[in-house]
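Examination of the molecular architecture
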Amino acid sequence: MGWTATSDVEEFWHATRHYLRTHRVPSTVVLSIVDTLRTSGPGGYSGPPELAWCDEGEGVSAVIVRTPPHRPVVSAMTTAAAARWAADRPAPDRLLGPPEAVAALASAWGVSTEVLVPERLHRLDVLRAPADPSPTRLAGDADRDLLWAWLEEFHHEATPDDPLPPRGPVDAAVDESRVVVAVTGGEPVAYASASPIVLGTARIGPVYTRPAHRRRGHGAAVTAALAALLADRGAEEIVLFTDLGNPTSNALYARLGFVGVVDVVDAALVPVARKNV
């Protein structure tokens, strides 16, 4: 009983597949990471992954996934499981996971937390497409450089503290027809991308509209078109994250039929002495 850690994605997948299927909506980020490791290998990361699961006697009850240089992604867990994990490892600089799990791990390490981004995971209930959406189409070869430039813009605007994502997944999303572009006047103005469907679940994101074209419904159009496409391809659960500090995007996705499921925090772990200065 307790935690088991490995760098072997197939060992992790075999041990946790039932847990991940049962918790496939809140495990969306873990599923994406595992799918990337299983299909593309660890080449997109700066070091071997750390993939761990906890069994407290009744089967897998929690998972932690770390792919350097990214922060660890943690699932919900008991305080006892958090204490067991922290006992053998130093505290990382950041964590992504449910607030209660992040707080339990921080407490076990004797550090404080500073929430960098409060997020909410939403799942699609019933799609309510915009009444008069912008024209959309699948992204093609001619869009690759533009999409990469847009991803860089999105990164600098929304996630500047994270490592810049590699270009490979952008090209893979285009190859697999997982990117929808909004077009106005013959010009691409917005896009939405989706993860591969894993265990019947797909995640939309990022969704990005160039600043000069915002508040005109383009983000709603590409999100709705991509959600419909994913459903047609067999996705049983379609999810996305929103920044709770952005009421505009939260309202937009609610209008489209997305319902909040669980809150997640991207949090820095701060030594108590520094926190008190």
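This report concerns the structure included in the present document. (Residues numbered from 1 in each chain as written. Predicted model: local features only at pLDDT ≥ 70, side-chain atom pairs only at ≥ 80, totals over all residues. Heavy atoms only, no water.)

As a further point, take empty space enclosed by the protein. Using a probe with the size of a water molecule, rolled over the atoms, empty space left in the structure can be pinpointed. Tallying each qualifying case throughout the model produces one cavity of 30 Å³ or more. The computed volume of the largest cavity comes to approximately 30 Å³. Forming the boundary of the largest cavity are Thr28, Leu31, Ser32, Ser195, Pro196, Val198 and Thr201. It is helix α2 (residues 28–40) that contributes the most residues to the lining of the largest cavity, three residues altogether. Among the residues making up the lining of the largest cavity, the classes are represented as three nonpolar, four polar and no charged. (1 Å grid on protein atoms, 1.4 Å probe; cavity = no way out; pocket = protein on both sides within 12 Å on 5 of 7 lines; lining within 4 Å. Points joined across faces, edges and corners; volume = space filled by probe spheres on them. Helix = DSSP H or I, 4+ residues; strand = E, 2+ residues; numbered from the N terminus. Nonpolar A, V, L, I, M, F, W, Y, C, P; charged D, E, K, R; others polar.)

Moving on, we come to the nonpolar core. The biggest cluster of nonpolar side chains holds 23 residues, and the ones touching the most others in it are Ile204, Leu226, Leu230, Ile238, Tyr253, Leu256 and Phe258. For this core, the elements supplying multiple residues, two or more each, are β8 (179–184), β9 (187–194), β10 (201–209), α7 (218–232), β11 (237–243) and α8 (247–256). Take this core: its biggest share by element is seven residues, from α7. Not counting residues within four places of it along the chain, the set of residues in contact with Leu230 comprises Ala194, Ile197, Ala202, Ile204, Ala235 and Ile238. Of all hydrophobic cores here, the second largest spans 22 residues; its members include Trp85, Val102, Ala106 and Val111. (Core = buried A, V, L, I, M, F, W, Y, C linked by side-chain atoms within 4.5 Å. Buried < 20%, exposed > 50% of the residue type's maximum accessible area, 1.4 Å probe, protein only. Contact = heavy atoms within 4.5 Å.)

Attention shifts here to the pairing of strand β6 (residues 111–124). Across 13 bridges, β6 lies against strand β12 (residues 258–271) in antiparallel orientation. Residue pairing across strands places Ser112 opposite Val270, the latter belonging to β12. Judged from the five bridges that link them, β6 and β11 form a sheet pairing that is antiparallel. When the sheet's bridge partners are listed, Leu121 is paired in β11 with Phe241. (Pairing = 2+ DSSP bridges.)

Our next topic: the packing of aromatic side chains. Centre distance and the angle of the planes are the two values used to describe a pair of aromatic rings. This model, assessed by the stated rule, comprises six aromatic pairs. Chaining the aromatic ring pairs together yields one cluster made of Trp150, Phe154, Tyr191 and Tyr208. The positively charged end of Arg89 is found above the aromatic ring belonging to Trp85, 3.6 Å away from the centroid. (Phe/Tyr/Trp six-rings, centres within 6.5 Å; stacked < 30°, edge-to-face > 60°. Lys NZ or Arg CZ within 6 Å of the ring centre and 35° of its normal.)

This part is about the side chain of Ser134. Inspection of the secondary structure assignment puts Ser134 in the loop between β6 and β7 (136–138). On the basis of relative accessible area, Ser134 is assigned to the buried category, the value being 13%. Engagement of the side chain of Ser134 in a polar contact is seen with the side chain of His218, the distance being 2.7 Å. (Polar contact = N/O pair within 3.5 Å; in protein donor to acceptor, adjacent residues only side chain to side chain.)

What follows covers the packing of helix α1 (residues 9–22) against α2. At their nearest, the axes of α1 and α2 sit 11 Å apart, and the two run at 150° to each other. Our pair here, α1 against α2, has a crossing hand that is left-handed. Between α1 and α2, the residues in contact are Val9, Glu10, Phe12, Trp13 and Leu20 and Val30, Leu31, Val34, Leu37 and Arg38, respectively. (Axes fitted to C-alpha atoms, helices over the stretch in contact; angles between N-to-C directions. Left-handed = near helix turned anticlockwise from the far one by under 90°.)

Looking now at the layout of surface pockets. Put simply, the second largest pocket is a space of about 240 Å³. What lines the second largest pocket is a set of 19 residues, and nearest its centre among them are Pro26, Ser27, Val74, Ser75 and Pro98. The set of elements that each furnish at least two residues to the lining of the second largest pocket consists of α2, β4 (73–74), β5 (94–97) and β12. When residues of the lining of the second largest pocket are assigned to their parent elements, the largest contribution, three residues, is made by β12.

Judged by how many residues are buried, β8 sits mostly within the fold: five of six residues are covered. Sheet topology places β8 next to β9; six bridges connect them, and they run antiparallel. Note that in β9 the partner of Val180 across the bridge is Ala192. Where β8 hands over to β9, the hairpin turn is made up of two residues, of which Gly185 adopts a positive phi near 60°.

Moving on, we get to the pattern of salt bridges. For the structure on display, the rule yields 19 salt bridges. Between Asp162 and Arg71 there is a salt bridge; the shortest N-O distance is 3.7 Å. With Asp162 in the loop between α5 (144–158) and α6 (168–175) and Arg71 in the loop between β3 (60–66) and β4, this residue pair connects regions lying 91 residues apart in the sequence. Here Asp162 and Arg71 have matching classes, each one buried. (Salt bridge = Lys/Arg side-chain N within 4 Å of Asp/Glu carboxyl O.)

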